[in-house]
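# Report on the structure
As a plain string of letters, each chain reads:
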Amino acid sequence: MDLRFVLDPDLTPELRERLVTLWVAATNAGGAVGFVAPVSAAEVRPFAESTLADVADGPDRLLAGYQDDRLVAVLVISDNRFHLKTHWRVLKRVMVHPDAQGRGYGAALMREAERVARSLGVTALHVTVRDGLGLDRFYRRLGYREVGRLPAALRLSPTDSRDEILMWQDLPLPLP
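Structural notes, computed from the coordinates. (Residues numbered from 1 in each chain as written. Predicted model: local features only at pLDDT ≥ 70, side-chain atom pairs only at ≥ 80, totals over all residues. Heavy atoms only, no water.)

## Some thoughts on the packing of aromatic side chains
Selection rule: Stacked, edge-to-face and tilted labels apply to pairs of Phe, Tyr and Trp rings (six-membered ring for Trp) whose centres lie within 6.5 Å, assigned for plane angles under 30 degrees, over 60, and everything in between, in that order. Helical segments are the DSSP runs of H or I of at least four residues, strand segments are the runs of E of at least two, and each set is numbered from the N terminus. Relative accessibility under 20% of the residue-type maximum defines a buried residue, over 50% an exposed one, and the middle range a partly exposed one, all with a 1.4 Å probe and only protein chains included.
In total, this model carries six aromatic pairs according to the counting rule given. Look at Trp 23 and Phe 47: their rings are 5.6 Å apart centre to centre, the planes differ by 70 degrees, and that puts the pair in the edge-to-face class. With Trp 23 in helix H1 (residues 13–28) and Phe 47 in helix H2 (residues 41–56), this pair connects stretches of sequence that are 24 residues apart. On the accessibility criterion, Phe 47 (34% relative accessible area) is partly exposed. With a centroid separation of 5.8 Å and an interplanar angle of 90 degrees, the aromatic rings of Phe 35 and Phe 47 are classed as edge-to-face. Of this pair, Phe 35 sits in the loop between H1 and H2 while Phe 47 sits in helix H2; the two residues are twelve residues apart in sequence, bridging distant segments of the chain. Residue class for Phe 35 comes out buried when judged on its relative accessible area of 17%. Every member of this aromatic cluster is reached through a ring pair, and the members are Trp 23, Phe 35 and Phe 47.

## Examining the packing of H1 against H2
To be explicit about the condition: All axes here are fitted lines through C-alpha atoms, helices being fitted over the stretch that makes contact, and every angle between N-to-C directions spans 0 to 180 degrees. Roughly parallel refers to an angle under 35 degrees, roughly antiparallel to one over 145, roughly perpendicular to one between 65 and 115, and oblique to any angle outside these ranges. Left-handed is the label given to a crossing in which the near helix is rotated counterclockwise from the far helix by less than a right angle, and right-handed is the label when the rotation is clockwise. Residue contacts follow a heavy-atom distance rule, with two residues in contact if any of their heavy atoms lie within 4.5 Å. When residue character is reported, Ala, Val, Leu, Ile, Met, Phe, Trp, Tyr, Cys and Pro are called nonpolar, Asp, Glu, Lys and Arg charged, and the others, Gly included, polar.
Relative to each other, H1 and H2 sit at 125 degrees, their axes nearing to 9 Å. Accordingly, the angle class assigned to the pair H1 and H2 is oblique. Seen from above, H1 lies across H2 with right-handed handedness. Of the residues in H2, those touching H1 at Arg 16, Glu 17, Leu 19, Val 20, Trp 23 and Val 24 are Ala 41, Val 44, Arg 45, Phe 47, Ala 48, Glu 49, Thr 51 and Leu 52. Residue composition of the contact of H1 with H2, grouped by class: nine nonpolar, one polar and four charged.

## Regarding the pairing of strand S6 (residues 145–157)
The condition that has to hold: Between any two strands, pairing holds if DSSP finds at least two bridges.
Bridge count between S6 and strand S7 (residues 160–170): eight bridges; the pairing is antiparallel. Bridged to Arg 145 within S7 is Trp 168. In this antiparallel pair of consecutive strands, S6 and S7, the connection spans two residues.

## Quick look at the layout of surface pockets
Counted only if it meets this: Only protein atoms enter the 1 Å grid used here. Points where a 1.4 Å probe fits but cannot escape make up a cavity, open sets with protein on both sides within 12 Å along at least five of seven lines make up a pocket, and a residue lines them when an atom lies within 4 Å of a point. Grid points are joined across faces, edges and corners, and a volume is the space filled by probe spheres set on the points.
What the largest pocket holds in volume is close to 910 Å³. As for the largest pocket, its lining consists of 38 residues, and the residues nearest its centre are Ala 32, Val 33, Val 94, Leu 135 and Tyr 139. Within the residue set of the lining of the largest pocket, elements represented by two or more residues are strand S4 (88–96), helix H3 (105–119), strand S5 (124–130), helix H4 (135–141) and S6. Looking at the lining of the largest pocket element by element, the count peaks at seven residues for S4. Taken together, the residues of the lining of the largest pocket sort by class into 24 nonpolar, eight polar and six charged.

## Some thoughts on the pattern of salt bridges
Applied cut-off: Salt-bridge detection follows one rule: a side-chain nitrogen of Lys or Arg within 4 Å of a carboxyl oxygen of Asp or Glu.
Summed over the entire model, instances satisfying the criterion amount to 17 salt bridges. For Arg 45, the salt bridge goes to Glu 17, with nearest N and O atoms at 2.6 Å. Here the residue Arg 45 occupies a position in helix H2, and Glu 17 occupies one in helix H1, the gap between them amounting to 28 residues. Residue Glu 17 is classed as partly exposed on the basis of its relative accessible area, which comes to 36%. Among the salt bridges present, the one from Arg 140 reaches Glu 146, with a minimum N-O distance of 3.0 Å. A network of salt bridges, in which partner residues are shared, links Asp 131, Asp 136, Arg 140, Glu 146, Arg 149 and Asp 163.

## Brief notes about the sheet that holds S7
Sheet strands pair by backbone hydrogen bonding; their relative direction is either parallel or antiparallel. Judged by pairing direction, the sheet is mixed, and its seven strands sit side by side in the order S1-S2-S3-S4-S5-S7-S6 without closing on themselves. Each edge of the open sheet carries a strand with a single partner, namely strand S1 (3–7) and S6. Strand-to-strand, the axes of this sheet are offset by a mean angle of 25 degrees, without reference to chain direction. Where S5 lies against S7, seven bridges are found, and the strand directions are antiparallel. Bridge pairing in S7 places His 126 opposite Trp 168. In the packing of H1 onto the sheet, the strands contacted are strand S2 (61–67), strand S3 (70–78) and S4, and the crossing angle to S3 comes to about 90 degrees.

Any functional reading would require information that these geometric values do not contain.
Shown next as structure tokens:
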């Protein structure tokens, strides 16, 4: 596998634009990353900038996956911003570029997020999933389990509401 990971890459204007491009491509290919297709860069950019502000200012972390020098995968390791929840994190905006899918990059990205989380002393990860796309099967194969479901929590259109599936994975720390 020729995927290289960078935790907290320098948020240059070029990287910010690459992230927006990836986000648009993932959404328009049917990905469940906060929007409903079709979407444009102009629609995604403000949300991406807000997300990156939380990375730049902390405490969120950006994990980027590169194929050679091309950004092809990304996720945000989001802090809960609450002192009773410092032991776990939320993974957000898990994306692999559509033309790079089917190569195991999504699973590799998630394994790298687990490795990073463990290095931070995190003992569990949480991810939310839009029902109806089969994404829960992907996360189950990686060891996540469904711990809850918010019925019809995601309104994609006036006639299409989807459950939001809450998934969890414990990350036991290695014994000393």
